[in-house]
Amino acid sequence: MAAERTLWRDVVCPFCGLACDDLAIEREGDRLSVREAGCARSRAQFERPQREAEPQIDGNATDLASAVARAADLLQDSRLPLFAGLATDVDGMRAVMQLADRIGGVVDHAGSDALFRNLRILQDSGWITTTLSEVRNRMDLLLIVGHWPEEAFPRFIERCVEPEQTLSSDAPLVRQIVRVGPPAPDGSAAKSGPPVLELPCAIERLPEAVAALRCLVNEQQLAASEVAGIPVAGLRELAERLRSARYGVIAWAAADLTFAGAELTVQALSALVQDLNRTTRCALLPLTGTDNLIGVNQVCTWQSGYPLRTGFGRGIPEHDLHLFSAQRLLDTGEADALVWISAFREASLPVASGVPTVVIATPGTTWTNPPAVFIPVGTPGMDHKGSLFRMDSVVMLRLAALRDSPLPSVATAISQIDAALAARKEA
Amino acid sequence: MTLVKLAGGRIVDPANGRNGDAADLYLRDGVIVPDPGPGAAIDETVDITGKIVMAGAIDIHSHIGGGKINIARMMMIEDHRKHADAGDGLRRSGGGLYTPTTFVTGYRYAAMGYTAAFEPAMVPANARHAHAELADTPMIDKGCYAMLGSDDFLLRMLANGAEQQAINDYVGWMLQATQSVALKVVNPGGINAFKFNARNLGLDTPSPHYGVTPRRIVAALARAVNELGICHPVHLHCNDLGVPGNWETTVGTIDAAEGLPLHLTHLQFHSYGTEGDRKFSSAAAQLAEVINRTPSVSVDIGQIIFGQTVTASGDTMIQYRNHRHAHPKKWMCMDIECDAGCGVVPFRYRDENFVNALQWAIGLELLLLVEDPWRVFLTTDHPNGAPFTVYPHLIRLLMDRGFRRDMLKTINKHAAAASTLGGIEREYSLYEIAILTRAAPARSLGLLDRGHLGVGAVADITVYTERENREAMFARPDYVFKDGRLIARNGEVTDIVWGATHVVRPEFDQGIEGPLEDYFNRFQTVRLGNFRVTDDEMEDEGRSRLVRHPCRRTTP
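Residues numbered from 1 in each chain as written. Chains lettered and ligands numbered in written order. Predicted model: local features only at pLDDT ≥ 70, side-chain atom pairs only at ≥ 80, totals over all residues. Heavy atoms only, no water.

1. Quick word on the overall build of chain A
Counting its secondary structure elements, chain A contains 12 helices and 22 strands. Taking the principal axes of its C-alpha atoms as reference, chain A extends roughly 70 × 55 × 35 Å. When burial is assessed residue by residue, chain A has 62% of its 427 residues classed as buried. For chain A, the share of sequence-separated contacts (at least 6 apart) that also reach a separation of at least 24 residues comes to 65%. (Helix = DSSP H or I, 4+ residues; strand = E, 2+ residues; numbered from the N terminus. Buried < 20%, exposed > 50% of the residue type's maximum accessible area, 1.4 Å probe, protein only. Contact = heavy atoms within 4.5 Å.)

2. Some points on the pattern of salt bridges
All names here are of chain B. With the rule as written, the count across this model stands at 68 salt bridges over all chains. The shortest N-O distance in the salt bridge between aspartate 478 and lysine 51 comes to 3.1 Å. Note that aspartate 478 is positioned in the loop between helix H17 (470-475) and strand E22 (479-482) and lysine 51 in the loop between strand E4 (44-47) and strand E5 (52-55), a separation of 427 residues in sequence. The pair aspartate 478 / lysine 51 is uniform in exposure class, with both members buried. Residues aspartate 483 and lysine 482 are paired through a salt bridge, measuring 3.2 Å at the closest nitrogen-oxygen approach. Looking at lysine 482, the relative accessible area reads 1%, which means it is buried. (Salt bridge = Lys/Arg side-chain N within 4 Å of Asp/Glu carboxyl O.)

3. Things to note about the side chain of serine 42 of chain A
All names here are of chain A. By the element assignment, serine 42 lies in helix H1 (residues 40-46). Exposure remark for serine 42: the relative accessible area of 1% places this residue in the buried category. Aside from chain neighbours lying at most four places away, what touches serine 42 is Cys13, Phe15, Leu23, Val34 and Glu47.

4. Details of the sheet that holds strand E6 (residues 81-87) of chain A
As a general point, the strands of a sheet are linked pairwise by backbone hydrogen bonds and lie either parallel or antiparallel. Residues and elements named next belong to chain A. With mixed pairing, the 9 strands of this open sheet are ordered in space as E5-E4-E20-E19-E18-E6-E7-E16-E17. Either end of the sheet is taken by a strand with one partner, and the two such strands are strand E5 (60-61) and strand E17 (318-319). Sheet topology note: the strand E18 (residues 337-342)/strand E19 (residues 357-361) ladder contains 5 bridges and is parallel. Bridge pairing links valine 339 to valine 358 in E19. (Pairing = 2+ DSSP bridges.)

5. Side note on the sheet that holds strand E2 (residues 23-28) of chain A
All names here are of chain A. One open sheet accounts for 3 strands, arranged E1-E2-E3; its pairing is antiparallel. With one partner strand each, in any of the chains shown, strand E1 (5-11) and strand E3 (31-36) form the two edges of the open sheet. The sheet shows a mean angle of 25 degrees between the axes of neighbouring strands, taken without regard to direction. The pairing of E2 with E3 spans 5 bridges and is classified as antiparallel. Note on E3: the bridge partner recorded for arginine 27 is leucine 32. (Axes fitted to C-alpha atoms, helices over the stretch in contact; angles between N-to-C directions.)

6. A short note on the environment of proline 371 of chain A
Residue and element names in this part refer to chain A. Here proline 371 is to be found in the loop between E19 and strand E20 (373-376). We classify proline 371 as buried; its relative accessible area is 5%. For the pair proline 371 and threonine 357, spaced 14 residues apart in sequence, the C-alpha separation works out to 5.3 Å. Setting aside anything within four residues of it in sequence, one finds proline 371 in contact with Asp58, Gly59, Thr357 and Val359.

7. Focus on the packing of helix H4 (residues 112-124) of chain A against helix H9 (residues 262-276) of chain A
Residue and element names in this part refer to chain A. Interaxial distance between H4 and H9 falls to 8 Å at its minimum, and their mutual angle equals 55 degrees. Comparing their axes, H9 and H4 come out oblique. By crossing handedness, the relation of H4 to H9 is classed as right-handed. Of H9, the residues touching H4 (which contributes Arg117, Asn118, Arg120, Ile121 and Asp124) are Ala262, Glu263, Val266, Gln267 and Ser270. By residue class, the composition of the contact of H4 with H9 is 3 nonpolar, 3 polar and 4 charged. (Parallel < 35°, antiparallel > 145°, perpendicular 65-115°, else oblique. Left-handed = near helix turned anticlockwise from the far one by under 90°. Nonpolar A, V, L, I, M, F, W, Y, C, P; charged D, E, K, R; others polar.)

8. A few points about the interface of chain B and chain A
Contacts between chain B and chain A engage 61 residues on the former and 65 residues on the latter. For the chain B and chain A pair, buried surface summed over both sides reaches about 5,300 Å², with 48% attributable to carbon and sulfur atoms. It is Met74, Arg92 and Thr525 of chain B that lose the most area in chain B upon contact with chain A, and together they represent 13% of the buried surface on that side. Summed over the shared surface of chain B and chain A, the number is 7 salt bridges. The class makeup of the residues in the side of chain B that touches chain A is 24 nonpolar, 16 polar and 21 charged. In the sheet, strand E8 (residues 128-129) of chain A pairs with strand E18 (residues 332-336) of chain B via 2 bridges, with the strands oriented parallel. Within E18 of chain B, the position partnered with threonine 129 of chain A by the bridge is methionine 334 of chain B. (Buried area = accessible area lost by both parts, 1.4 Å probe.)

9. Looking at helix H12 (residues 410-426) of chain A
Residues and elements named next belong to chain A. Taking 1.5 Å per residue as the helical rise, H12 with its 17 residues ought to reach 24 Å, and the 24 Å between its terminal C-alpha atoms agrees with that figure. Turning to H12, its buried residues are Val410, Ala411, Ala413, Ile414, Ile417, Asp418 and Leu421. Considering only its buried residues, H12 is in contact with helix H2 (64-77), helix H3 (90-103), E18, E19 and E20. (Expected span 1.5 Å × (residues − 1).)

10. Here's the deal with the side chain of histidine 382 of chain B
Residue and element names in this part refer to chain B. When you line up the elements, histidine 382 lands in the loop between strand E20 (376-377) and helix H13 (391-399). At a separation of 3.1 Å, a polar atom in the side chain of histidine 382 contacts the main-chain amide nitrogen of phenylalanine 388. Among all residues touching histidine 382, those that are not within four sequence positions of it are His61, Ser62, His63, Ile64, Tyr98, Pro100, Pro387 and Phe388. (Polar contact = N/O pair within 3.5 Å; in protein donor to acceptor, adjacent residues only side chain to side chain.)

11. Focus on the environment of leucine 546 of chain B
Residue and element names in this part refer to chain B. One can find leucine 546 in strand E26 (residues 546-549). Judged by relative accessible area, which is 7%, leucine 546 ranks as buried. The spatial distance from the C-alpha of leucine 546 to the C-alpha of histidine 263 is 24 Å, given a sequence separation of 283 residues. If sequence neighbours within four positions are ignored, leucine 546 has contacts with Gln179, Thr501, Val503, Arg505, Asp535, Met538 and Glu539.

12. Overview of empty space enclosed by the protein
Under the defined criterion, the tally for this structure stands at 11 cavities of 30 Å³ or more. As a volume, the largest cavity reaches approximately 280 Å³. Forming the boundary of the largest cavity are 20 residues, of which Leu119, Trp127, Ile294, Met391 and Ser393 of chain A lie nearest the centre. For the lining of the largest cavity, the secondary structure elements donating two or more residues are H4 and helix H10 (293-304) of chain A together with helix H1 (67-75) and E18 of chain B. Looking at the lining of the largest cavity element by element, the count peaks at 5 residues for H4 of chain A. (1 Å grid on protein atoms, 1.4 Å probe; cavity = no way out; pocket = protein on both sides within 12 Å on 5 of 7 lines; lining within 4 Å. Points joined across faces, edges and corners; volume = space filled by probe spheres on them.)

Listed below in structure tokens is the structure:
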């Protein structure tokens, strides 16, 4: 018998921070195929085979109730449980927060290093930002700082930079695109898309380039003829374009800025935008949000008052971006139990920690040593419904269940562990 | 099914004209029921002899959830370091004084005798997020006002000379799609104009690109709300917030509504003159006079109370302008989705500062000079003027002339001298306070079974011991009931409940989805179907029970 076919329209893709919501996806039995829109990444993720998976204890198959009970044992014995990875939907994070609050855990997302390169600037000086539809309709100059965004955010250019129409004109808006960053490995500027003025600069020299650009925007004198390998004439040209743009946008992916003190470069960009807004409009667009980083941070903030890297070990929420870094807590041995959550992509368990580990993740998750407990979960937006935030932190989108799945959600798995612990406490 | 008797309280229930008469109240299944008569089986009697009984209080304007508030929390982690609340098995942990976490927001309101609070500035593009935060806000009923008036869709309609009927359909659709209970307008046209680099927008200035004046926007939206039969009038944050001389804009805005019902929010920030050496003066008397003779207008105050807070507003134009006053020195602004914007600027109101001190006095002048308590609501525009936890203090300022005059002596002496406050004799009665904080907001929002203690009303009830110190009295009610359940005792939360979400469901022509879908497909980065927040997702978690309020259309 032929499997039943269903065509889903306006499907939200949960696999990067753009959260494109215009995909058409066909289901045939358990198989999903991207029929319209989408990108290489969305196809790879939506079309991955639905794997059979059972919960495991120490690598041996078991049932969900036993896995939940074993996870509860580990957490009950733990003095500082760590909830990390946190690639989950809004409801998954709600469940994590409730459990962490109850048992004195710490919460941190795999993408937090990049998150805090930006958040520290919001907390120290603030910023002027914009959102994807504003970029799509108003932007007349895009400055990309760092790598061309095609790999990390495949449809950014298509959806936000090259629409056929905008609110201000029936024809495509004439837009200048400038990139300050390392040349693509093959030497080409950008693999596809619109013409770009490239100012080549190594990633770790971006601080110099951005600082010089800010000087030039403010019409200060620069004695150098070259900064970070870029001729000052090129930077001066860029400064002039920023000053004469009506709605400039400066975009960067903080995940690319892997050099020490990268937050200071974000701060310089923020200051640059503030300078420009004295006379014209310009706004920042942080390219971020993959694995619902923004949504998980939002939930953490509205429930605890703090962004990620928050701990409940002393009964009250406490936040410190160094103290409560998951990597640091594992490296120092302060965390004595780890709950690793990864519900979106099939990934490997990155943390080779010595502590008892509960993995709550997609069935295709791989590891070198089996964790103490493995609870396979469905992917929000494929196997169950849920919600997530887009990179701009404004738009929260509902994710649909596209097929039937026997797998629980992260929220269900965590809530069962929470309920088991609560029952023991009462008993 | 249990029948609870609240015995011997003094009922202060202005909606039913009751002013302190002693009577018993009976509660069953979450509502107030008639006296079951002699011999009825009472399951529980609570002796409240001589205590003051009011309906649960309702905050008509409090920024308690959504994008800008969460940004404020993220930005102001110092607030959370100073004010942390431990969880205790019953309550979740959290904290923050002026940027409280969602759980703590609910606990504090309930402990203070409030059983509902309304988020007054929900950006439609952020609606799902706002509702997600409110779903995590326990204890109280909630509702959101959708912000329109700087959205490109509306401005295009007005620029293209759209019929009023089409505007009505759009507003109706938007209120339903965003699960809202009222319509908010913030700096009409101004947020959009700021995206085109305009730094101010006068009431009769054509906006950049669209050429639409704020006056036209106010008129169109006031009419839409009226014709759709939405109970609460346009909830309007006028142009020129905080600008000396803006009281004339406020009067002009009243004219712009052409006699239709209008709610002017945080009026204190819109009541400034330009007199005196500092070119900053109170226009409270002039405005109160206009309001007293204009029965179609209601107001809330946005009272400031001295201390550190954070301002969070959809008004990017004004927040950008005020960034130089940021304390501590950090601030953010965001342009949002061809919809609106938001700006977060921390602020410390100082009593030794002339302007801040006069702002304090202006708010109180307005509260005391607007005569009809049914048309003025007690707000601090939380957290913009002060956190909502100052309400008991504010009530004392209104009820206790001696206390008010003592406080007046502590502020900047030039401001005190410039204010008429010291000469105002009026003291609010308990009855009037019950109007301000219960009966009037419920009536204005169309919450027919809230804000009063009549038979059939939802059993949201607050019981106080009468004390001469009104601040102490209102800070720690003896009992708070929500839907008939005891949730707080002596100012402490004793049980956790989840309130309802209030929404309106106006009738409109679904045909508006045609042009809207075209607009979303061509310009937006979200599809229409994904933008819309459905009833199913609201009620999914079993927390956000929807209460749908009928609308009374005035035209076909």
